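Observations on the model geometry
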Amino acid sequence: MVVRYLVRGAVQGVGFRWFVMREAHRLSMRGWVSNLADGSVEVVADGPAVLLADLERALTQGPTAARVSGVEKADVPHDLVIPNSFQIK
């Protein structure tokens with residue numbers, strides 16, 4: 001299952017992408033995390049639903065310096081190419 005999360009708040013410049021990458025590796029997920037121009041962070045992750053729920057819980061907390069104001073979840077097209085590992089873009 002592939003899901004896209006959009007994380008809003010004070011989430012850039014606080015180690016958020018590295019935090020997400022560590023969590024994704026811990027959960028054995030594929031995908032990526034990237035900063036967006038509007039100040040949010042995009043996370044695209046591929047994994048079992050139960051592990052995606054664990055990742056989503058982690059995204060709502062973030063690293064210590066982050067202040068997450070919201071996490072939006074959306075399905076992604078099935079033809080989206082997902083890398084074989086988890087990457088920071």
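Up top you'll find the structure we're talking about.
These lines cover the structure that appears in this document, whether it is placed above or below. All of these numbers come straight from a predicted model, not from anything done at the bench.

Okay, the packing of helix 1 (residues 16-26) against helix 2 (residues 49-61) next. Two elements in contact, helix 1 and helix 2, have axes whose closest approach is 10 Å; the angle formed by their N-to-C orientations is 155 degrees. Considered as vectors, helix 1 and helix 2 are oriented roughly antiparallel to each other. You can see that helix 1 and helix 2 cross each other, and the crossing is right-handed. Of helix 2, the residues touching helix 1 (which contributes Phe16, Phe19, Val20 and Glu23) are Leu55, Ala58 and Leu59.

So, about helix 2. With 13 residues, helix 2 should reach 18 Å at 1.5 Å per residue; the first-to-last C-alpha distance of 19 Å fits that figure. Those residues of helix 2 not exposed but buried are Leu52, Leu55, Ala58 and Leu59. Projected down its long axis, helix 2 carries its buried residues within an arc of 115 degrees, all on one side. Every exposed residue of helix 2 that faces more than 90 degrees away from the buried side is listed here: Val50, Arg57 and Gln61. In this structure, the buried residues of helix 2 make contact with strand 1 (2-10), helix 1, strand 3 (41-46) and strand 4 (67-75). Just downstream of helix 2, Gly62 is the residue with a positive phi angle, here 70 degrees.

Here is what the cut-offs are and how they apply
- Residues numbered from 1 in each chain as written.
- Predicted model: local features only at pLDDT ≥ 70, side-chain atom pairs only at ≥ 80, totals over all residues.
- Heavy atoms only, no water.
- Axes fitted to C-alpha atoms, helices over the stretch in contact; angles between N-to-C directions.
- Helix = DSSP H or I, 4+ residues; strand = E, 2+ residues; numbered from the N terminus.
- Parallel < 35°, antiparallel > 145°, perpendicular 65-115°, else oblique.
- Left-handed = near helix turned anticlockwise from the far one by under 90°.
- Contact = heavy atoms within 4.5 Å.
- Expected span 1.5 Å × (residues − 1).
- Buried < 20%, exposed > 50% of the residue type's maximum accessible area, 1.4 Å probe, protein only.
- Arc of directions from axis to C-beta.

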